[in-house]
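Chain by chain, the residues run as shown.
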Amino acid sequence: MIPDPHPHRPNVYAAAPLDRAAHRRKDPGWLEAALADSAARILPLWRGQNLVTGGTESPRAAFLPGAVAQSLAAAGVPPVFLGLYRDAPLFALDLSPEADPLALPELAGTEAAFFDLRVTGPLMEGGEAAVCAGARGLTWWNARHRFCGVCGAPAESAEGGHVRVCSNADCATHHFPRTDPAVIMLVHDGAGRCVLSRQEKWPPAMHSVLAGFVEPGESLEDAVAREVFEEVGLRVADVRYRSSQPWPFPASLMLGFTARAVDTAITVDGSELESAIWVSREEIRAMPAVPPPDAPFRLARPDSIAHRLIAEWAAGND
């Protein structure tokens, strides 16, 4: 059966052991000295992938010396300040413009490779996975906001990569990193059944809970009720918050809820979902923790808050 989750365990990618030191971001002199600190470390990224040692069997974050960032910064690759990790300055470095970053002299001999964090993150030590997720999210935002959304002029990195400022003096708009709030909810009937659904684009046989983005001017509870009705035609009550998970793929914050359906007739919205069914608590408890490759039914990936919501409910926590 799927594991009974520990009630105090943080979700994967959450609870980063990082002092963000936000008050230091506006001090260019301090940032320069921090990068030159012999204890400074960097996390390289390339086209949304994190540099990892140990492959996919025993992955660990590849922390490289700050001198690497200094060398590449001189070549026009600005580092992004993440904060203090184990009391030492930590930066992210986006090497996406490089065709083969591992061929750079600064990265020679690292015995590491770039991987999608969704592959290696669930297998990494929790704190390392969390700081890697933060690095991915912040570098992704910087790479995709190189121009001002107001006037179209180039936007320059500021405050250690946490702000981008329009270079047009007549505009000078400050742009800040964006996080898209999304509600994700396990809908149950209060009598031992929950709704699991699947999208056509998901891996074969995978089923998960319902989810959707929060709209402007909408509360989280209203978003839960709207999304559930839109996707499966159910009205809900007793909307209860459970936990949250940063999900920088590319820029979401997943806000987990449970909700009780007040009716049971599912009407699937074919534009978003392929199917949706009621599944009993006993059926979920009977599922193997590691399903075989040809399993006809499998749950959401174990690093996701969706999996946690299902596991908590299956353990009897409504």
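Residues numbered from 1 in each chain as written. Predicted model: local features only at pLDDT ≥ 70, side-chain atom pairs only at ≥ 80, totals over all residues. Heavy atoms only, no water.

1. Overview of the layout of surface pockets
Counted as a void, the largest pocket has a volume near 1300 Å³. The wall of the largest pocket is formed by 42 residues, among which Trp-202, Met-206, Ser-208, Ala-300 and Arg-301 lie closest to the centre. Ranked by residues supplied to the lining of the largest pocket, first place goes to strand β15 (residues 210-213) with four residues. Its residues placed into classes, the lining of the largest pocket shows 27 nonpolar, eight polar and seven charged. By volume, the second largest pocket amounts to about 560 Å³. Those elements that place two or more of their residues in the lining of the second largest pocket are α4 (126-143), β16 (236-247) and β17 (252-261). For the lining of the second largest pocket, the leading source of residues is α4, giving eight residues. (1 Å grid on protein atoms, 1.4 Å probe; cavity = no way out; pocket = protein on both sides within 12 Å on 5 of 7 lines; lining within 4 Å. Points joined across faces, edges and corners; volume = space filled by probe spheres on them. Helix = DSSP H or I, 4+ residues; strand = E, 2+ residues; numbered from the N terminus. Nonpolar A, V, L, I, M, F, W, Y, C, P; charged D, E, K, R; others polar.)

2. So, α4
For α4, which comprises 18 residues, the first-to-last C-alpha distance of 26 Å matches the rise-based estimate of 26 Å (1.5 Å per residue) to within 8%. Among the 18 residues in α4, 14 count as buried, and that is most of the element. Between the side-chain oxygen at the start of α4 and the backbone nitrogen of Gly-127 there is a gap of 3.0 Å, and the oxygen is on Glu-125. (Expected span 1.5 Å × (residues − 1). Buried < 20%, exposed > 50% of the residue type's maximum accessible area, 1.4 Å probe, protein only. Polar contact = N/O pair within 3.5 Å; in protein donor to acceptor, adjacent residues only side chain to side chain.)

3. Points about the sheet that holds strand β11 (residues 174-175)
Strand order in the open sheet formed by three strands is β9-β10-β11, with antiparallel pairing between adjacent strands. Both outer strands of the open sheet, β9 (155-158) and β11, are each paired with one neighbouring strand and no more. As defined by bridge partners, β9 adjoins strand β10 (residues 163-166) across four bridges and the pair is classed as antiparallel. Each residue of the ladder has a partner; that of Ser-157, found in β10, is Arg-164. (Pairing = 2+ DSSP bridges.)

4. Describing the pattern of salt bridges
With the rule as written, the count across this model stands at 13 salt bridges. The partner of Glu-227 in a salt bridge is Arg-226, with the nearest N and O atoms 3.1 Å apart. Arg-226 matches Glu-227 in its accessibility class, with the two residues each being buried. Residues Asp-303 and Arg-301 are paired through a salt bridge, measuring 2.5 Å at the closest nitrogen-oxygen approach. Residues participating in the shared-partner salt-bridge network are Glu-215, Glu-218, Arg-226, Glu-227 and Glu-230. (Salt bridge = Lys/Arg side-chain N within 4 Å of Asp/Glu carboxyl O.)

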